[in-house]
Amino acid sequence: MDLSEINFAVLVASLIVASTPLVLAALGELIVEKSGVLNLGVEGMMIIGAVTGFIVGVETGSAYVGMMAAAMAGALLSLLFAFIILIMQANQVASGLALTIFGLGIAALMGHPYTGIKSPQISTISIPFISEIPVLGTMFFQHDLIVYLSLISVLVIWYFLNRMRAGLILRSVGEDHDVAHSLGYRVVTIRFLAITFGGAMAGVGGGYLSLVRVPQWTEGMTAGAGWIALALVVFSGWRPFRLLIGAYIFGGITILQLNLQAIGVNINIALLSMAPYLATILALVVISMSRFRGNRGAPGCLGRSFVKIT
Amino acid sequence: MFKLIPRENVSPVLSLLGPLFSVGLTMIVGGILFYFLGVDPFAAIKMIFWDPLMSETFSTYSIPQIFIKGAPLILIALGLSVGFKANVWNIGAEGQYIMGAIFGASFALSLYPLESIVIFPAMILIGVIGGCLWSMIPAFLKVKFQVNEILVSLMLVYVAEQILALASLGFLRNPDGAGFPGSRNLNQYTSASNAEIIAGTGIHLGVLLSLLMVIFFYVLLFRHSLGFKIKLLGNSPKASGFSGDNPNKLIFLCLTLSGSLAGLAGIMEVAGPAGQINIDFNVGYGFTAIIVAFLGRLNPIGIFFAGIVMALTYVGGELTQFMLNLPAAAIQVFQGMLLFFLLSFDLFVHYKIKLKGNK
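Computed from a predicted model, the values in this text were never measured in an experiment.

Every contact between the two is made by 45 residues of chain A and, on the other side, 39 residues of chain B. Of the roughly 3700 Å² buried where chain A meets chain B, counting both sides, 83% is carbon and sulfur surface. Sorting the residues of chain A by area buried against chain B places Met88(A), Ile101(A) and Leu109(A) first, and these three jointly supply 17% of that buried surface. Across the contact surface, chain A and chain B share zero salt bridges. Across the contact surface, chain A and chain B share one residue pair in polar contact (both at pLDDT 80 or more).

For the rest of this paragraph, the subject is empty space enclosed by the protein. Residues and elements named next belong to chain A. In the structure shown here, the tally under the stated rule is two cavities of 30 Å³ or more. Estimates place the volume of the second largest cavity at around 30 Å³. What lines the second largest cavity is Ile85, Leu86, Gln92, Arg191, Arg304, Ser305 and Phe306. Considered class by class, the residues forming the lining of the second largest cavity number three nonpolar, two polar and two charged.

Residues and elements named next belong to chain B. A full pass over the atoms with the stated rule returns 19 aromatic pairs over all chains. Taking the centre distance of 6.3 Å and the plane angle of 90° together, the rings of phenylalanine 140 and phenylalanine 145 count as edge-to-face. Of the residues examined, phenylalanine 140 reaches a relative accessible area of 41% and is grouped as partly exposed. Through pairs of rings, three or more aromatic residues link up here, namely Tyr97, Phe281, Tyr285 and Tyr314.

All names here are of chain B. In this structure the tally under the stated criterion is four salt bridges over all chains. In this structure, lysine 46 and aspartate 51 form a salt bridge, with 3.2 Å as the shortest nitrogen-oxygen distance. Overall, the relative accessible area of 7% leaves aspartate 51 in the buried class. One salt bridge connects arginine 184 with aspartate 176, and the closest N-O pair in it is separated by 3.0 Å. Judged by its relative accessible area of 16%, arginine 184 falls in the buried class.

What follows is about helix α5 (residues 93-111) of chain B. With 19 residues, α5(B) should reach 27 Å at 1.5 Å per residue; the first-to-last C-alpha distance of 28 Å fits that figure. Across the 19 residues of α5(B), 14 count as buried, placing the element largely inside the fold.

Our next topic: the nonpolar core. Counting 208 residues, the largest nonpolar core has Trp227(A), Phe34(B), Ile76(B), Leu186(B), Ile277(B) and Phe294(B) as its most contacted members. Of all the elements, helix α1 (residues 8-34) of chain A adds the most residues to this core, at 16 residues. With residues up to four places along the chain from it excluded, the contact list for Ile76(B) reads Ala93(B), Tyr97(B), Ala262(B), Ala265(B), Tyr285(B), Gly286(B) and Ala289(B).

This paragraph deals with the state of the cysteines. In total, this model carries zero disulfides over all chains according to the counting rule given. Cysteine Cys132(B) is unpaired, with the sulfur of Cys254(B) as its nearest cysteine sulfur at 12 Å.

Residues and elements named next belong to chain A. For serine 35, the position within the fold is in the loop between α1 and α2 (42-60). For serine 35, a relative accessible area of 0% puts it in the buried group. Engagement of the side chain of serine 35 in a polar contact is seen with the backbone oxygen of valine 32, the distance being 2.7 Å. When neighbours within four sequence positions are excluded, serine 35 is seen to be in contact with Leu170, Val173, Gly174, Arg191 and Ala194.

Residue and element names in this part refer to chain B. On the surface, Ile197, Ile198, Leu208, Leu212, Ile215, Tyr218, Val219, Phe222, Ile301 and Phe305 cluster together into a nonpolar patch covering about 900 Å² of accessible area. At the level of elements, α8 (205-222) and α13 (300-324) are the ones that each hand at least two residues to the nonpolar patch. At six residues, the largest contribution of residues to the nonpolar patch is made by α8. Looking at the secondary structure, you find valine 219 in helix α8.

Conventions and cut-offs
- Residues numbered from 1 in each chain as written.
- Chains lettered and ligands numbered in written order.
- Predicted model: local features only at pLDDT ≥ 70, side-chain atom pairs only at ≥ 80, totals over all residues.
- Heavy atoms only, no water.
- Contact = heavy atoms within 4.5 Å.
- Buried area = accessible area lost by both parts, 1.4 Å probe.
- Salt bridge = Lys/Arg side-chain N within 4 Å of Asp/Glu carboxyl O.
- Polar contact = N/O pair within 3.5 Å; in protein donor to acceptor, adjacent residues only side chain to side chain.
- 1 Å grid on protein atoms, 1.4 Å probe; cavity = no way out; pocket = protein on both sides within 12 Å on 5 of 7 lines; lining within 4 Å.
- Points joined across faces, edges and corners; volume = space filled by probe spheres on them.
- Nonpolar A, V, L, I, M, F, W, Y, C, P; charged D, E, K, R; others polar.
- Phe/Tyr/Trp six-rings, centres within 6.5 Å; stacked < 30°, edge-to-face > 60°.
- Buried < 20%, exposed > 50% of the residue type's maximum accessible area, 1.4 Å probe, protein only.
- Helix = DSSP H or I, 4+ residues; strand = E, 2+ residues; numbered from the N terminus.
- Expected span 1.5 Å × (residues − 1).
- Core = buried A, V, L, I, M, F, W, Y, C linked by side-chain atoms within 4.5 Å.
- Disulfide = S-S within 2.5 Å.
- Patch = residues over 30% accessible without salt bridge, like charges linked within 9 Å, V, L, I, M, F, W, Y side chains within 5 Å.
- Areas by Shrake-Rupley, 256 points an atom, 1.4 Å probe, with all protein chains shown as cover.

This is the structure in structure tokens:
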């Protein structure tokens, strides 16, 4: 065992790669929850994105085309959820679970012939000049397009929610759908859009997992990433920047435990593999205990069905 | 467009029709799916729902199998249903199931090769406690810190799976097993074996217990004030507080019940049909039980029938895998679909639908 074998700059760079699926999926869910909908099907949408992205990526030879297909697949699956909870008024918690069970099944079915194949390469884009800064360059500026996109999405979503009229409308729908409805906003339409966006983001997150992060297809490969994304939204107090920090802390724990496994630290692999899940629980406890109180920032109508009263 | 008018009372007929309708619709849409997978849909549907019960070649094996696979589903779903009524969402029954098995098996194997009549009941009790302890973690965190029980209970499934790996490769590994993963086979340890109670069928004590629990939960929920308190907490937490009930106590109760029953299912399985603790011990009963609970309309009698139907899809699913080469995941899709249809159908149970006429 030699801790000095771990290169810190490379560690941070791989931490960012490991966190990107979580950042994407959690940002999507943030928008969904801000509209007042709790979609527990993130895991299902991610794995559908992962398998579709992988298949299309392998067939077309382009990881980016694969990623686009992943977004579409995630969005398509989320439409099913949207229909069931918005039109059929089904319980959101149960429907989200159904989405996860269904997604895992479909993905296993679709991905079966693709097990063990290598995915197409994704090229990294080194940002001119700043990527050559020692250490910092390796950490932050030699990534692929999706990593940069995930960072830009954080900014855009923050701006959308806090500085744009459309974001305000979305929040008002999530805060009190009856009031928003009486003000003339189309609650159902807005929620449809939010859910679809969340599905697409979860899909891309999944696609990134199978095309870049791992990169290959194995059954059940999301291994709870969708649930961790859900936990991150709570952890962040529904704020995009805190969500990013949370995802990176989380990615850090995952990468650290993988690195410790790789250099053969004398800790049982099973114990190390538990770390991310235990860290999630711990994070949820800490955030609930802290003076910010867990639910501050939670949309008022989160998880409640909207029935138009005319 | 349509207009929804809430029903004053939930229609009992529609409430019963929902699951039947959903199973029917799943057969149709599932059949279409099978067609696209290159399997004859009629043969596949017949093999899943008909052959395990009626075919002479399969039924002697598969009818008892339906009860064996149904038992853990029914046990877990009964426990979960109480929580779901009260809006306490334990979705980590899979983890509690694993922990029940590990706790019970650890106890029994630590006494190997001692033979005593006390070992079996003590092992079951410890299995129940194991499952219960695992569900106490989300209960405690929810009551004490308002941490979301959905996320905690689910995260603990992954932790339990790692503990299972730890046990099968480490502390429970069979010392006479030539280094292969997995514990000693409990079926070869007379005092701890959950042996069959009807010779040649494989039907074990867990099957009997699952039936007894259906009756117990029926009485608890419909003939005891506790059932009312639980429903009250789910429908109106405020009213529940005003009536003097302590919601925290009810949360603990819900998670105790669901954790204990999942633990019971786990220890019954490991000492019976599974035989040993191994990496692939858990097969997703804890998650399928969520579907069973809903398919049974959170009603104990309903859960019994739902468990049997779900077990049928498992047994029939194995048949189609064997005979028609249908992938195993197809059954999971089938089950997910069933839940979708079921949840959608609730619209008709809770609302009247009227076409909006002209003004």
